[in-house]
Amino acid sequence: MAESEKIEGAAIPKLFEELLHHKTLLKLTVFDTDYEHLTLITALVNRSKGPHFAIDTPEGFEQATAEIAPWHLHFEFTGKDHIKYTFRCVGGEIDNNRMYLEVPREIERWQRRELFRVNAPAGTKLCLPLDTLRYELDVIDISIGGTLATLVRTSPHDLETPPFNDDQILKDIELVFPSEIMRQPIKIKTVQLKRLRKNSEKTGYEVAFEFYEISTGEQRRLTDLIYHLQRQALRHRLPLDFEK
């Protein structure tokens, strides 16, 4: 059974400032419904009942909660320490297409799950659409929760300015593996760019992505593949990093 610790007091305003500053994705779930949606904190404000946070009203929220009063909402996010946090809100109001919710008095920080990070098979690509272009990045390593990839220069003047930004949210990503490893790509609905830096050879950029939204079926396929690669690495004594 997963264990958690409670965050209370002065640590909560500081954590919400970080969520706002880093544009951290939150997954919003409405209790007793199938509704869930990704959102961002857009403002921190003081209202009559105390400190509140604001989010843009998610698509379909008002329809999903039309017969629910008060709202019982569950939020989940991954902190900068790569650990899952959760909190609940009861009530709230919509004003000018913004939802205002009272900052919770406690947040749960869940024990970090163990993740194996393995070297990706040669030829593994991360494919993503951005504006009107489609980028293919060479995958360096991969875990259940994310991947590190490199975007390589193809000419001396290419990539003077990287096409990505820190904390950028990207959608409809595909992990494409060599056909002998996996024939169909693994599709990831949403990722967040966590780190962007020039590599040591200055031939391109290393980009770290966190997998934020992925279907149950695709997550199962990815998990099975990670364990398969892990077993191969242990058998052949290939480099293997273990993150707690």
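Scroll up a little and you will see the structure.
What you see is a predicted model, and the numbers here were worked out from it, not measured in a lab.

Scoring rules and cut-offs
Residues numbered from 1 in each chain as written. Predicted model: local features only at pLDDT ≥ 70, side-chain atom pairs only at ≥ 80, totals over all residues. Heavy atoms only, no water. Core = buried A, V, L, I, M, F, W, Y, C linked by side-chain atoms within 4.5 Å. Buried < 20%, exposed > 50% of the residue type's maximum accessible area, 1.4 Å probe, protein only. Helix = DSSP H or I, 4+ residues; strand = E, 2+ residues; numbered from the N terminus. Contact = heavy atoms within 4.5 Å. 1 Å grid on protein atoms, 1.4 Å probe; cavity = no way out; pocket = protein on both sides within 12 Å on 5 of 7 lines; lining within 4 Å. Points joined across faces, edges and corners; volume = space filled by probe spheres on them. Nonpolar A, V, L, I, M, F, W, Y, C, P; charged D, E, K, R; others polar. Pairing = 2+ DSSP bridges. Axes fitted to C-alpha atoms, helices over the stretch in contact; angles between N-to-C directions. Polar contact = N/O pair within 3.5 Å; in protein donor to acceptor, adjacent residues only side chain to side chain. Arc of directions from axis to C-beta.

Caption draft 1: Quick peek at the nonpolar core. Counting residues in each nonpolar core, the largest one holds 31 residues, and the members touching the most others are Leu128, Leu137, Phe164, Leu175 and Phe209. Those elements that provide at least two residues to this core are β12 (125-130), β13 (133-142), β14 (146-152), β15 (169-176), β16 (186-198), β17 (204-213) and α3 (216-236). For Phe164, the contacting residues outside a window of four places in its chain are Leu128, Leu130, Tyr135, Leu137, Leu151, Leu170, Leu193, Leu196 and Val207. Judged by nonpolar contacts, the second largest core, of 28 residues, contains Leu25, Ile83, Tyr85 and Tyr212.

Caption draft 2: Geometry of the layout of surface pockets. Considered as a void within the structure, the second largest pocket measures approximately 260 Å³ in volume. In terms of lining residues, the second largest pocket is bounded by 15 residues, among which Lys49, His52, Val90, Gly92 and Glu102 are the most central. Those elements giving two or more residues to the lining of the second largest pocket turn out to be β7 (84-90) and β9 (98-102). With three residues, the single largest contributor to the lining of the second largest pocket is β7. For the lining of the second largest pocket, a count of residues per class yields five nonpolar, four polar and six charged.

Caption draft 3: Molecular detail of the sheet that holds strand β6 (residues 72-78). Spatially, the six strands line up as an open sheet ordered β1-β10-β7-β6-β2-β3, and their pairing is antiparallel. Only two strands of the sheet have a single partner each, and these edge strands are β1 (4-8) and β3 (36-39). Ignoring strand direction, the axes of neighbouring strands in this sheet form an average angle of 25 degrees. When β1 meets strand β10 (residues 106-110), the two strands line up antiparallel, connected through five bridges. Looking at the pairing, Glu8 lines up with Glu106 of β10. Contacts from helix α1 (residues 11-21) reach β1, β6, β7 and β10 within the one sheet, and its direction differs from that of β1 by about 95 degrees.

Caption draft 4: Representation of the side chain of Thr150. Along the chain, Thr150 turns up in strand β14. Looking at Thr150, the relative accessible area reads 11%, which means it is buried. At a separation of 3.2 Å, a polar atom in the side chain of Thr150 contacts the main-chain carbonyl oxygen of Tyr205. Here Thr150 is in contact with Leu137, Asp138, Ile140, Asn199, Tyr205 and Glu206, once residues within four sequence places are set aside.

Caption draft 5: Broad picture of the pairing of β7. Pairing of β6 with β7, which is carried by seven bridges, proceeds in the antiparallel orientation. Counterpart to Thr78 in the pairing with β7 is Lys84. Inspection of the sheet shows β7 paired to β10 by two bridges, in the antiparallel sense. Across the sheet, residue Thr86 finds its bridge partner in β10, namely Glu108.

Caption draft 6: Inspection of the side chain of Thr124 at higher detail. If you trace the backbone, Thr124 turns up in the loop between β11 (115-119) and β12. Side-chain polar atoms of Thr124 contact the backbone oxygen of Pro121, separated by 2.7 Å. Filtering out sequence-adjacent residues up to four positions away, Thr124 remains in contact with Leu137, Asp138, Val139, Val176, Phe177 and Pro178.

Caption draft 7: Focus on α1. Among all positions of α1, only Ile12, Leu15, Phe16 and Leu19 are buried. Buried residues of α1 fall within an arc of 100 degrees about the axis and therefore sit on the same side. Facing away from the buried side of α1 by over 90 degrees, the exposed positions are Lys14 and His21. Buried-residue contacts for α1 involve β1, β4 (41-47), β5 (50-56), β6, β7 and β10.

Caption draft 8: Broad picture of the environment of Pro121. Mapped onto the secondary structure, Pro121 falls in the loop between β11 and β12. Since its relative accessible area comes to 15%, Pro121 is described here as buried. For the pair formed by Pro121 and Ile181, sequence separation is 60 residues and the distance between their alpha carbons is 8.1 Å. Once you skip the residues sitting within four places of it in the chain, Pro121 turns out to touch Phe177, Pro178, Ile181 and Leu229.

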